[in-house]
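If you want the building blocks of each chain, they are given just below.
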Amino acid sequence: MALRFYNTLTQELEVFQPLQDNVVRMYTCGPTVYNFVHIGNFRTFTFQDILRRWLRYRGYTLDHVMNVTDVDDKIIANAARQGKSIEQYTAAYTKAFFEDASALRLQQPENITPATKHIPEMVNAIERLSDKGFTYTNDGSTYFRITSFPDYGKLSHNDFGGIRSGARVDLDEYDKADARDFVLWKARKNGEPYWEAPFGEGRPGWHIECSAMAMSYLGETLDIHAGGVDLIFPHHENEIAQSEAITGKPFARFWLHSEHLQIESQKMSKSLGNFYTLRDLLEMGYQPEAIRYLLASVPYRRKLNFTFEGLKAAAKTIERLRDFELRVTSTKLPAGKNEAITERSADAIRAFEAGLDDDLNTAEGLAAIFDYVRAMNTALDEGTFQEENRWDAARVLEVFDSIFDVLKPTDPAKLPVVQASGNADVLSDAEIENYIEERTQAKKSRNFPRADEIRGLLVEKGIVLEDTKEGVRWKRK
Ligand SMILES: [Zn+2]
């Protein structure tokens with residue numbers, strides 16, 4: 001079966017292939033760095049990571065651009081309140097975003113583009129729109145006139161037939177129900193950062209950022225543009241209007257959108273007290289792998305109900321998979337090869353691939369892996385899993401983990417919250433290895449009290465030791 005994605009633009013599942021060669025040119029809307037990024041946004045970024053990894057698994061090369069919005073209303077207001085420049089203010093949150101992304105094992109896009117580094121491209125795009133008659137100015141600000149673009153509404157599938165021309169918004173935050181002419185360039189205000197432009201001093205609106213940067217890096221027609229469903233209207237609708245008004249060509253061939261995340265079946269909001277950043281969850285002691293797993297396990301077009309029960313279950317699932325990995329790599333097995341198991345392993349990979357090819361149906365992919373692990377545990381119990389079948393199982397786990405990336409435990413000493421709070425209670429991988437080495441030496445010199453003492457110390461810190469013929473294995477509980 002060919003790789004297929006649901007395209008918001010056509011509202012259909014379509015076979016995906018890049019336009020040119022083997023390279024997928026993709027743009028995703030990145031974070032606005034005015035605060036720590038919340039877990040709902042990280043659902044979208046995790047979906048994009050799965051998308052990246054699957055495209056690469058399928059042999060494509062990626063040219064992926066993600067913007068960082070480092071100038072907007074909130075940033076300007078917050079920076080001013082703290083007496084900082086917007087550069088100082090956004091630098092800390094930009095750094096935090098990439099630390100969080102790394103804790104969740106999100107692959108970095110090939111190009112990361114801060115908006116303030118690309119103002120000339122935005123100015124140029126606005127000039128081209130003005131030359132073609134799509135804009136007007138009012139009080140020094142430049143607006144896009146949406147009645148001048150008849151296709152307006154084609155992505156959100158809204159009928160904007162009755163829109164009033166001249167009703168304007170010049171904020172970066174929009175009422176999702178109402179279509180209005182949107183701001184391309186906001187006139188300079190006292191005390192706000194501004195840039196020079198032929199149409200006056202000011203700063204770019206949020207939408208033009210993405211159009212200008214996407215086209216300057218990736219050309220006039222992208223293969224994939226992705227984001228959360230909340231961006232379909234007005235942000236992506238406006239990106240289409242701006243870009244296609246300039247070029248007369250389709251802006252993106254495939255539009256992929258991930259659904260909302262709810263917390264314990266409720267909308268996440270500050271007022272409900274259920275608003276979580278990744279750091280909040282890490283501080284509560286949840287493993288980043290469990291968070292990543294939970295975010296990735298629900299197919300991206302379904303609403304994800306994020307619960308603490310679900311997080312605990314995710315941690316258990318990961319532990320079962322790690323136990324299985326340990327079992328197939330370290331148990332003594334009967335010599336030879338069971339062909340039926342080799343075949344069953346290939347089937348598991350095919351079923352996993354079929355799930356991911358089907359619009360990234362991660363639930364289907366996981367089901368294939370769980371069925372397989374269950375069957376192999378039975379085969380191990382019954383002694384039909386043989387020495388040379390180790391490689392079959394290793395290959396299945398490798399395929400699974402090239403997408404889900406949860407098998408290798410995180411070194412907690414490298415997590416942002418531990419660094420921030422200087423939590424000395426957590427042992428790093430290196431410290432654990434040192435203790436284990438010391439324990440081994442103690443046993444060799446028959447200093448058993450010290451060996452037991454070290455084991456006790458590690459258990460207290462949640463580290464479980466297992467003495468095997470091949471040496472000592474350990475894992476975090
Ligand atoms: Zn965008």
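Going by the structure above, here's the rest.
Worth saying up front: this structure is predicted, and the values here are computed from it rather than measured.

Caption draft 1: Structural context of the pattern of salt bridges. If you walk through the whole model with that rule in mind, you get 36 salt bridges. The partner of D381 in a salt bridge is R327, and the shortest N-O contact between them spans 2.7 Å. Taken together, the residues span a long stretch of sequence, with D381 in helix α11 (residues 362-382) and R327 in helix α9 (residues 308-330) at a distance of 54 residues. Classification of R327 as partly exposed rests on a relative accessible area of 26%. Between E387 and R390 there is a salt bridge, with the nearest N and O atoms lying 3.0 Å from each other. The partly exposed category is assigned to E387, whose relative accessible area is 32%. Taking the relative accessible area as the measure of exposure, R390 reaches 15% and is therefore buried. Among the charged side chains, a salt-bridge network with shared partners connects D49, R53, R105, R292 and D405.

Caption draft 2: Main features of the pairing of strand β11 (residues 222-228). In terms of burial, β11 is a largely internal element, seven of the seven residues being buried. Looking at chain direction, strand β3 (residues 23-28) and β11 are connected through three bridges and run parallel. Of the residues in β11, the one forming a bridge with T28 is A226. When β11 meets strand β12 (residues 252-258), the two strands line up parallel, connected through six bridges.

Caption draft 3: Focus on the packing of aromatic side chains. Per the stated rule, a full pass over the model turns up 26 aromatic pairs. Aromatic side chains F36 and Y93 sit 5.3 Å apart centroid to centroid with 80° between the ring planes, which places their arrangement in the edge-to-face category. In this pair, F36 is assigned in the loop between β3 and α1 (39-57) and Y93 in helix α3 (residues 86-103), connecting sequence segments 57 residues apart. For F36, a relative accessible area of 34% puts it in the partly exposed group. The buried category is assigned to Y93, whose relative accessible area is 18%.

Caption draft 4: Expanded view of the coordination of the zinc ion. The protein atoms donating to the zinc ion are C29 (SG), C210 (SG), H235 (NE2) and E239 (OE), with metal-donor distances spanning 2.0 to 2.6 Å. For the zinc ion, the donor residues sit on a single chain with the sequence spacing C-x180-C-x24-H-x3-E. Linking C29 in the loop between β3 and α1 with E239 in helix α6 (residues 232-247), this pair joins segments that are 210 residues apart in sequence.

Caption draft 5: Looking closely at the nonpolar core. Counting residues in hydrophobic clusters, the biggest one holds 77 residues, and the most contacted among them are F5, I39, F42, L55, I224, I291 and F306. Beyond its immediate stretch of four places on either side in the chain, I291 contacts I39, L104, L278, L281, L282, Y286, F306 and L311. Ranked by size, the runner-up nonpolar core spans 44 residues in total, among them A197, A212, M215 and L231.

Caption draft 6: Representation of the sheet that holds strand β13 (residues 261-263) within the structure. Within the open sheet, the three strands sit side by side as β14-β13-β15. Their pairing is mixed. Of all the strands in the sheet, the pair left with one neighbour each is β14 (266-267) and β15 (304-306). Alignment of β13 against β14, held across two bridges, turns out to be antiparallel. Of the residues in β14, the one forming a bridge with Q262 is K267. Where α1 meets the sheet, it contacts β13 and β15, and its direction lies at approximately 145° from that of β13.

Caption draft 7: Summary view of the packing of helix α14 (residues 429-444) against helix α15 (residues 448-460). At a minimum axis distance of 7 Å, the contact between α14 and α15 shows a crossing angle of 155°. As the angle between them shows, α14 and α15 are arranged roughly antiparallel. Pair α14 / α15 crosses with left-handed handedness. Contacts between α14 and α15 pair Y435, I436, E438, R439, A442 and K443 from the former with F448, R450, A451, I454, R455, L457 and L458 from the latter.

Caption draft 8: Broad picture of unusual backbone geometry. The linkage connecting F233 with the following residue, P234, adopts the cis geometry, with an omega of 0°. The residue P234 is located in helix α6 in this model. With a phi close to 50°, D139 is a non-glycine residue in the positive phi region. Inspection of the secondary structure puts D139 in the loop between β6 (135-138) and β7 (141-144). Taking relative accessible area as the criterion, D139 reaches 73% and is therefore assigned exposed. The backbone phi angle of E264 is positive, close to 45°, even though this residue is not glycine. By the element assignment, E264 lies in the loop between β13 and β14.

Analysis parameters
Residues numbered from 1 in each chain as written. Predicted model: local features only at pLDDT ≥ 70, side-chain atom pairs only at ≥ 80, totals over all residues. Heavy atoms only, no water. Salt bridge = Lys/Arg side-chain N within 4 Å of Asp/Glu carboxyl O. Helix = DSSP H or I, 4+ residues; strand = E, 2+ residues; numbered from the N terminus. Buried < 20%, exposed > 50% of the residue type's maximum accessible area, 1.4 Å probe, protein only. Pairing = 2+ DSSP bridges. Phe/Tyr/Trp six-rings, centres within 6.5 Å; stacked < 30°, edge-to-face > 60°. Donors = N, O, S within 2.8 Å, 3.2 Å for Na, K, Ca; no water. Core = buried A, V, L, I, M, F, W, Y, C linked by side-chain atoms within 4.5 Å. Contact = heavy atoms within 4.5 Å. Axes fitted to C-alpha atoms, helices over the stretch in contact; angles between N-to-C directions. Parallel < 35°, antiparallel > 145°, perpendicular 65-115°, else oblique. Left-handed = near helix turned anticlockwise from the far one by under 90°.

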